[in-house]
Amino acid sequence: MARPKREPVPVFVDEDAKAREDIAEFHRMRELMGGKFTDVEIRQKIEAMPPETRQKVAQMVATLTKRFGVAKARLDFAEFAKRIDPDRLPGRHFSILENAFHRIAEGEAVRLIINIAPRRGKSEYSSYLFPAWFIGRFPKKKLMCITNVKTLAADFGAKIRNLLDTPEYQEVFPSVR
């Protein structure tokens with residue numbers, strides 16, 4: 001009896017390494033353009049180019065800029081939160097939470113107590129955006145959502161699950177299904 005053929009092993013892609021490469025490539029592109037220019041200055045330089053060159057360079061810059069944004073969102077929780085919720089109002093407490101969440105993700109901290117006034121984004125950040133980002137960065141790790149009301153945990157779980165299916169999330173974390 002012949003052995004069944006084995007399925008080919010999928011090639012492992014280190015998405016974090018790819019994101020770091022995309023960021024480095026973006027910075028190299030900016031250096032090639034003559035130094036540290038603002039986006040407006042880069043657009044002006046492109047507009048001054050001959051038409052056939054302008055289109056190619058503009059497409060390359062647009063592609064690299066998009067890849068750069070995706071890579072930053074993958075590696076940095078603050079960028080991920082801005083990408084998923086661009087209408088979020090700024091606040092100093094958000095940057096404090098972002099730093100704390102990074103420490104948790106990197107294993108530097110294991111506990112976090114958040115004492116912030118009501119309606120300031122605690123739940124949105126700690127029970128929705130951070131778990132979604134964490135799942136994308138570390139898909140093999142386990143995550144628990146614990147609340148004092150069963151329906152609240154289920155609501156957050158459903159909200160995270162729905163976010164994982166969005167094109168915006170899949171662009172940042174394509175291997176999470």
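The structure displayed is predicted, hence computed values, not measured ones. (Residues numbered from 1 in each chain as written. Predicted model: local features only at pLDDT ≥ 70, side-chain atom pairs only at ≥ 80, totals over all residues. Heavy atoms only, no water.)

**Side note on the overall build of the protein chain**
Thought 1: The number of helices and strands found in the protein chain is eight helices and zero strands.
Thought 2: Each helix and strand of the protein chain, ordered N terminal to C terminal, gives the series α-α-α-α-α-α-α-α.
Thought 3: For 177 residues, the compact-globule estimate of 2.2 N^0.38 gives 16 Å, and the C-alpha radius of gyration of the protein chain, at 20 Å, exceeds that figure by more than 25%.
Thought 4: The principal-axis extent of the C-alpha atoms belonging to the protein chain is close to 70 × 65 × 30 Å.
Thought 5: For the protein chain, with 177 residues in total, the buried portion stands at 32%.
Thought 6: Contacts in the protein chain between residues at least 24 apart in sequence constitute 66% of all its contacts with a sequence separation of at least 6.
Thought 7: By element, 56% of the accessible surface of the protein chain is carried by carbon and sulfur atoms, the whole surface being about 12700 Å².
Thought 8: Taken together, the 33 basic and 24 acidic charged side chains of the protein chain have centroids lying 5 Å from each other. (Helix = DSSP H or I, 4+ residues; strand = E, 2+ residues; numbered from the N terminus. Rg over C-alpha atoms; globule rule 2.2 N^0.38 Å. Buried < 20%, exposed > 50% of the residue type's maximum accessible area, 1.4 Å probe, protein only. Contact = heavy atoms within 4.5 Å. Areas by Shrake-Rupley, 256 points an atom, 1.4 Å probe, with all protein chains shown as cover. Lys, Arg positive; Asp, Glu negative; His and termini not counted. Charge placed at Lys NZ, Arg CZ, Asp CG, Glu CD.)

**Focus on the environment of Arg 83**
Thought 1: In this structure, Arg 83 sits in helix H4 (residues 77–84).
Thought 2: For Arg 83, a relative accessible area of 27% translates into the label partly exposed.
Thought 3: Apart from residues no more than four positions distant in its own chain, Arg 83 is found in contact with Gly 69, Val 70, Ala 73, Glu 171 and Val 172.

**A closer look at the packing of aromatic side chains**
Thought 1: Tallying each qualifying case throughout the model produces 13 aromatic pairs.
Thought 2: Ring centres of Phe 77 and Phe 130 lie 5.9 Å apart, and the angle between their planes is 80°; this geometry places the pair in the edge-to-face category. Taken together, the residues span a long stretch of sequence, with Phe 77 in helix H4 and Phe 130 in helix H6 (residues 122–137) at a distance of 53 residues.
Thought 3: Judged by its relative accessible area of 0%, Phe 77 is buried.
Thought 4: Owing to a relative accessible area of 7%, Phe 130 belongs among the buried residues under this scheme.
Thought 5: Here Tyr 169 and Phe 173 contribute two aromatic rings whose centre-to-centre distance is 5.1 Å and whose plane-to-plane angle is 45°, an arrangement assigned as tilted. (Phe/Tyr/Trp six-rings, centres within 6.5 Å; stacked < 30°, edge-to-face > 60°.)

**Here's the deal with the side chain of Arg 137**
Thought 1: Residue placement: Arg 137 occurs in helix H6.
Thought 2: The exposure class assigned to Arg 137 is buried, which follows from its relative accessible area of 9%.
Thought 3: Residue contacts for Arg 137: discarding those within four places in its chain leaves Asp 16, Arg 20, Arg 74, Leu 75, Glu 106 and Phe 173.

**Overview of H6**
Thought 1: The first and last C-alpha atoms of H6 sit 21 Å apart over 16 residues, in line with the 22 Å expected at 1.5 Å per residue.
Thought 2: Its maximal kink placed at Phe 130, H6 deviates by approximately 35°, while the proline Pro 131 follows within four residues.
Thought 3: Against helix H1 (15–32), helix H3 (51–75), H4, helix H5 (92–105), helix H7 (150–164) and helix H8 (167–172) lie the buried residues of H6. (Expected span 1.5 Å × (residues − 1). Bend = angle between axes of the 7 residues up to and from the residue.)

**Comments concerning the confidence of the model for the protein chain**
Thought 1: Here the protein chain averages 82 in pLDDT, while 90% of its residues score no lower than 70.
Thought 2: Confidence, read as mean pLDDT per element, is least for helix H2 (residues 39–47) in the protein chain (78) and greatest for H8 (91). (pLDDT = per-residue confidence, 0-100.)

**Re the pattern of salt bridges**
Thought 1: One pass over the structure, following the stated rule, counts eight salt bridges.
Thought 2: Taking the shortest distance from any N to any O, the salt bridge between Lys 18 and Asp 22 comes out at 3.3 Å. Taken together, the residues span about one helical turn, with Lys 18 and Asp 22 both in helix H1 at a distance of four residues.
Thought 3: Looking at Lys 18, the relative accessible area reads 41%, which means it is partly exposed.
Thought 4: Owing to a relative accessible area of 8%, Asp 22 belongs among the buried residues under this scheme.
Thought 5: For the salt bridge of Arg 67 with Glu 25, the shortest nitrogen-to-oxygen distance reads 2.8 Å. Taken together, the residues Arg 67 in helix H3 and Glu 25 in helix H1 connect sequence positions 42 residues apart.
Thought 6: What emerges from the salt-bridge pattern is a single network uniting Lys 18, Asp 22, Glu 25 and Arg 67. (Salt bridge = Lys/Arg side-chain N within 4 Å of Asp/Glu carboxyl O.)

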